[in-house]
Amino acid sequence: MTHSKETTLSRRSVLKGIAGLTAFFALPVSVRPVAAQTKLPFIVSRYPTVDAWIRIDPEGIVHVFSGKAELGQGIQTAITQIVAEELDLPVELVRMVDPDTGVSPEEFYTAGSTSIETSGMALRHASAEIRDYLVGMAAEKAGVEKSGIRAENGELTASNGVRTTYWSLVEGQEINFDITGEVAPKAPSEFQLVGKPQPRIDLPAKFTGEASYISDIRLPGMVHGRVVRPPAPVFSLTSVASGSVEAMEGVISVVRNGSFLGVVAEREDQAVAAAEALAEAAEWDIPKIEPSMEDLPEQIKSLPSTEEVFVNEGDVSPAGGQRFEAAYFRPFHAHAAVSPSCALAQFEGETLTVWSHTQGVFPARRDMANALSMPEENVRVIHAHGAGCFGHNGADDVAMDAALLARATGRPVRVMWSRQDELAHSPFGSAMRIEISAELGADAKLRSYDHTVWSGVHGARPGFQFYMQEKEGSGFMPIWSTGDGVEAYAPRDIPPMFGGGAERNGEPIYDIPNRKLTKYLLSKMPLRVSAMRGLGAYANHFAMESFIDEVAFGIDADPVEFRLRHLSDPRYRAVVERAAEAANWTGRSTRKGYGRGFSFGRYKNRSGIFAIVVDVNVDLDSGEVAIPKVAAAVDVGQVINPDGVINQIEGGIIQSLSWTMMEEVAYDGAGITSTDWSSYPILSVAQAPEVDIRLIDRPDMPPVGAGEASQGPTASALANAIFDATGARVRDMPLRPEKILAAMQA
Amino acid sequence: MVEFQLNGKAVSSGTGEDVPLLFALREEFSLNGPKFGCGSGQCGACTVLVDGQAVQSCVTPLSAAAGSEVVSLEGLSAGGTLHAVQQAFLDEQAAQCGYCSNGMIMRAVELLSANPAASDAEIRDGMDGVLCRCGAQARVLKAIKRAQSQL
Ligand code: FES
Ligand code: FES
């Protein structure tokens, strides 16, 4: 332990951590050290000192540094609870600092529902050790044993009555010792805050109109930029007569760099009007987009691909039992945040500061610096809250738009995309095709299960190339069309150590002895694709759990009982049984037009465990589906904030119903045609079901994320419910009325 | 110059008459409550009350506010006390990212003041055109019912 006399909290240890990260980047994925050997999360080895994570301000506030960003998932609240718990403080005295490459630990991306497992656990240990350290100081001062000190609200009271506070103890001290893992955090039985519902700390400001979002940031001297592009993934600018646009009121400049075309104006409304005029004045060359939307479900199998087998246990070839086969399809889905993406960028001399709602400030910085040929230390990326993004949407790209316009004009530039930009230019969740075949054994249980998926990549975020040993190119779309000569990096899919990409959840967690999982990763998709909530898990779950329902129906088995036949793990059984109980499950519906669908899954086969019953009423003449009620059960290990978990699970359910029932990116040969809310409709308030979620708390189990657990199972439960109501098995998403009617007639 | 009342204060705006009210409120008056979502009247993120009516300020020209009483999300809790609808949204934690909350809250305020005894179906219909991507829809409905019982 060091205990220096410096009065300012130095950034030494933070910088040490950053230097360590260079090595992290340089290591090939396969030989990167794994954290499993120690109970401390891996990230602690990169940021070993407590002050990289927590700094106590003598004014009476604890500042918390994390690389994990608030995306509307409530991570700031959950982490605040963890820190406040270990320090015996009320949550009001704990403040999370938004991720900032200038001060925060580098923690990869806020993705994959892993923030609690990594950042949360690092902070739990750091907090416990700081508390122990300060209690030690107080004990020494009072001349008592550590056990004679009681901590409450930052006050430390010794058994002999001597009192001090965290705040006075840290005055003039630098608390920057190494996290050892030797101080045990509280046992779950001692928790006061963790495990109890905590209202979200950021919502009061958001409900009263206080500046909360990136779009609320106003820099001195700020101007407004817009970028003009046709709604296509690939395009080149052939001509633009911009003279009349330059003459428009408030226009500062029209910026053209290769096919990158933007405008900067004094006021936002002026930038919007100028961008519209500029779009009119521009001529584009757009290569034909193929295969067409109509042909994609079949032709997706003949696109160029590489094959990879992830699981091959036993033998899935026919062995004389009853066989089942089916194929499923997921279209392209849009992230479709309610706010279009927004960013601000400011050059001051050689340095660039960017405000962004990116999910990874450090990877974004590295990619941006590389793409703009700047030293990385001259770029700072600061996170600010945006609307719920649900994966790699336009957040990063708009930041590059702002940086390019700021570079061209020398002014601090704010760019907010239009609704059309958001729906046409954000990367999409990949279209996927899944084929499953399986065979029943003599014991009426599945003896084999063979799952094959065709898909584009599920991870092409800026900066990810550096983690994957690709050094060329950029993940920022705007730079590709400039004359700067920086191309898109060749994305690979998310590797299994992060839960996999297209193949995620393609392996069943059921007890099936013979199993195979194959992925055909498509290298060239008609539209640009990247990470969207759940990655491949959403469609794999949809297919697998629709399939399980089909098999159960085929042998006249109850869908819940059939799943339980293949589940021996007591946690899995508990979740299935709890969901069935919450829904008063009594089997399939006997009433035509009303149906119930069941589904079950464990996200990434190692994260949140989830089961759901969806009820539907289907109008047998129109095929319209109404969803009156859903009931679900979830086990995410130790629960930090029960209401936070329920909110995440509920949000995932409702969003998944929207994706599955109604959403599909539409395009023709020249571009994306679903570019507003009428051509890309999402579930309305009026269509929302009543939601009943049962939480199974496992205080002694490690906490895992809840953000993506409900996405896939909900999709299949909906399909299964529609089948139950109508006899129509729709395997091709979205489950729109016309497809339901067609399947009913088939 | 367009003159109107904004959250209880007399104001005048020199931003052009045809400029969408949303941009004037955000830029000239530095409000954050009304938000840009689509700019075409489809999502409700920009909702403000004009003479008690919930309007989409992205498709309302500034001139339409002349002589009117405009209330934004900020104005609901102007006296320091939350409006019953805001309180109910907090009590139900009826948001994830909260970007839709302005539209949800403003529309609900209008709905409950026009029809305090609104039925479940009327509440659902009344929220038409205010979009949420995070899946807070069910909680929003609960929050409106809670506010209804408090008002
Ligand atoms: S921003 Fe006004 S309705 Fe969408
Ligand atoms: S809470 Fe995010 S859009 Fe509604």
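So, how was this worked out
- Residues numbered from 1 in each chain as written.
- Chains lettered and ligands numbered in written order.
- Predicted model: local features only at pLDDT ≥ 70, side-chain atom pairs only at ≥ 80, totals over all residues.
- Heavy atoms only, no water.
- Helix = DSSP H or I, 4+ residues; strand = E, 2+ residues; numbered from the N terminus.
- Rg over C-alpha atoms; globule rule 2.2 N^0.38 Å.
- Buried < 20%, exposed > 50% of the residue type's maximum accessible area, 1.4 Å probe, protein only.
- Contact = heavy atoms within 4.5 Å.
- Areas by Shrake-Rupley, 256 points an atom, 1.4 Å probe, with all protein chains shown as cover.
- Pairing = 2+ DSSP bridges.
- Buried area = accessible area lost by both parts, 1.4 Å probe.
- Salt bridge = Lys/Arg side-chain N within 4 Å of Asp/Glu carboxyl O.
- Polar contact = N/O pair within 3.5 Å; in protein donor to acceptor, adjacent residues only side chain to side chain.
- Nonpolar A, V, L, I, M, F, W, Y, C, P; charged D, E, K, R; others polar.
- Domains from an automatic or database assignment.
- pLDDT = per-residue confidence, 0-100.
- Axes fitted to C-alpha atoms, helices over the stretch in contact; angles between N-to-C directions.

(A) Up close: the overall build of chain B. Across its full length, chain B carries 6 helices and 5 strands. Secondary structure elements of chain B, listed N to C terminal, follow the sequence β-β-α-β-β-β-α-α-α-α-α. Taken over C-alpha atoms, the radius of gyration comes to 15 Å for chain B, in line with the 15 Å a tight globule of 151 residues would show. Relative to its full complement of 151 residues, chain B shows a buried share of 60%. In chain B, once contacts between residues fewer than 6 apart in sequence are set aside, the share between residues at least 24 apart is 58%. Accessible area of chain B: about 5,300 Å², with a carbon and sulfur share of 48%.

(B) Focus on the pairing of strand E22 (residues 514-522) of chain A. All names here are of chain A. Across the 9 residues of E22, 7 count as buried, placing the element largely inside the fold. Two elements, strand E21 (residues 446-455) and E22, share 8 bridges in a ladder whose sense is parallel. Bridge assignment links Trp454 to a residue of E22, and that residue is Tyr520.

(C) Layout of the interface of chain A and chain B. Contact residues are listed per partner, giving 63 residues for chain A and 45 residues for chain B. When the two sides are added together, the surface that chain A and chain B hide from each other amounts to roughly 4,300 Å², 54% of it contributed by carbon and sulfur. By the criterion of area lost to chain B, the three top residues of chain A are Phe207, Val338 and Val685 of chain A, representing 19% of everything that side buries. The interface formed by chain A and chain B contains 4 salt bridges. Here Arg139 of chain B and Glu650 of chain A are joined by a salt bridge, their closest N and O atoms 3.4 Å apart. Summed over the shared surface of chain A and chain B, the result is 28 residue pairs in polar contact (both at pLDDT 80 or more). Considering each element in turn, the side of chain A that touches chain B owes the most residues, 10 residues, to helix H18 (residues 642-662) of chain A. Each residue belonging to the side of chain A that touches chain B can be placed in one class, and the counts come to 30 nonpolar, 18 polar and 15 charged.

(D) Inspection of the domain arrangement of chain A at higher detail. Residues and elements named next belong to chain A. Looking at the assigned domains, one finds that chain A contains domain 1 (31-205), domain 2 (214-287 + 341-416) and domain 3 (297-332 + 429-458 + 493-745). Computed over C-alpha atoms, the centres of domain 2 and domain 3 are 38 Å apart. Across the contact, 9 residues belong to domain 2 and 13 residues belong to domain 3. Both sides together, the interface formed by domain 2 and domain 3 hides about 820 Å², and carbon and sulfur atoms give 51% of it. Among the residues domain 2 hides against domain 3, the three largest losses belong to Pro231, Phe390 and His392. Together they make up 61% of the total. There are 1 salt bridge connecting domain 2 and domain 3. One salt bridge connects Arg528 with Asp397, and the closest N-O pair in it is separated by 2.8 Å. At the boundary of domain 2 with domain 3, the tally comes to 5 residue pairs in polar contact (both at pLDDT 80 or more). Of the residues in the side of domain 2 that touches domain 3, the class split is 6 nonpolar, 2 polar and 1 charged.

(E) Looking closely at the confidence of the model for chain A. When the pLDDT values of chain A are averaged, the result is 93; 95% of them are 70 or greater. Here residues 1-38 of chain A is a poorly scored stretch, pLDDT under 50, and it has 75 contacts once near neighbours within four places are set aside; other chains count.

(F) A look at the side chain of Glu550 of chain A. All names here are of chain A. Residue position: Glu550 is located in helix H15 (residues 537-554). A polar atom in the side chain of Glu550 sits 2.8 Å from the side chain of Arg731. Glu550 has contacts with Ala326, Tyr328, Arg729 and Arg731, leaving out every residue within four places of it along the chain.

(G) Just the sheet that holds strand E4 (residues 94-97) of chain A, in detail. Residue and element names in this part refer to chain A. Pairing in this open sheet of 3 strands is mixed, and the strands run E2-E3-E4 from one edge to the other. Because the sheet does not close on itself, it has two edges, and the strands there are strand E2 (54-57) and E4. On average, each strand axis in the sheet is inclined to that of its neighbour by 25°, with strand direction left out of account. Bridge count between E2 and strand E3 (residues 61-65): 4 bridges; the pairing is antiparallel. Bridging from a neighbouring strand, Arg55 pairs with His63 of E3. Strands E2, E3 and E4 of the sheet are contacted by helix H3 (residues 75-87), whose axis makes an angle of about 135° with E4.

(H) Geometry of the sheet that holds strand E19 (residues 413-416) of chain A. Residues and elements named next belong to chain A. Taken in spatial order, the 7 strands of this open sheet run E11-E12-E9-E19-E16-E17-E18, and their pairing is mixed. Of all strands in the sheet, those bounded by a partner on one side alone are strand E11 (251-257) and strand E18 (379-383). On average, each strand axis in the sheet is tilted by 20° relative to the strand beside it, whichever way the strands run. Note: strand E9 (residues 223-228) against E19, 3 bridges, orientation parallel. When the bridges of E19 are listed, Val223 appears paired with Val413. In this fold helix H10 (residues 361-371) packs onto strand E17 (351-356) and E18, with an angle of close to 150° to the strand it touches most, E18.

(I) Examining unusual backbone geometry more closely. All names here are of chain A. Pro291 follows Glu290 through a cis peptide bond whose omega is -10°. You can see Pro291 is positioned in the loop between strand E13 (282-285) and helix H9 (296-299). Following Met733, the chain continues into Pro734 via a peptide bond in cis, with omega recorded as -5°. Here Pro734 shows up in the loop between helix H19 (711-726) and helix H20 (737-745). Its identity as a non-glycine residue notwithstanding, Asp88 has a phi of 55°, on the positive side. Residue placement: Asp88 occurs in the loop between H3 and E4. We classify Asp88 as buried; its relative accessible area is 19%. Unusually for a residue other than glycine, Lys604 sits at a positive phi of about 60°. Within the element layout of this structure, Lys604 appears in the loop between strand E23 (594-602) and strand E24 (609-618). Accessibility expressed as a relative area gives 10% for Lys604, which makes it buried.

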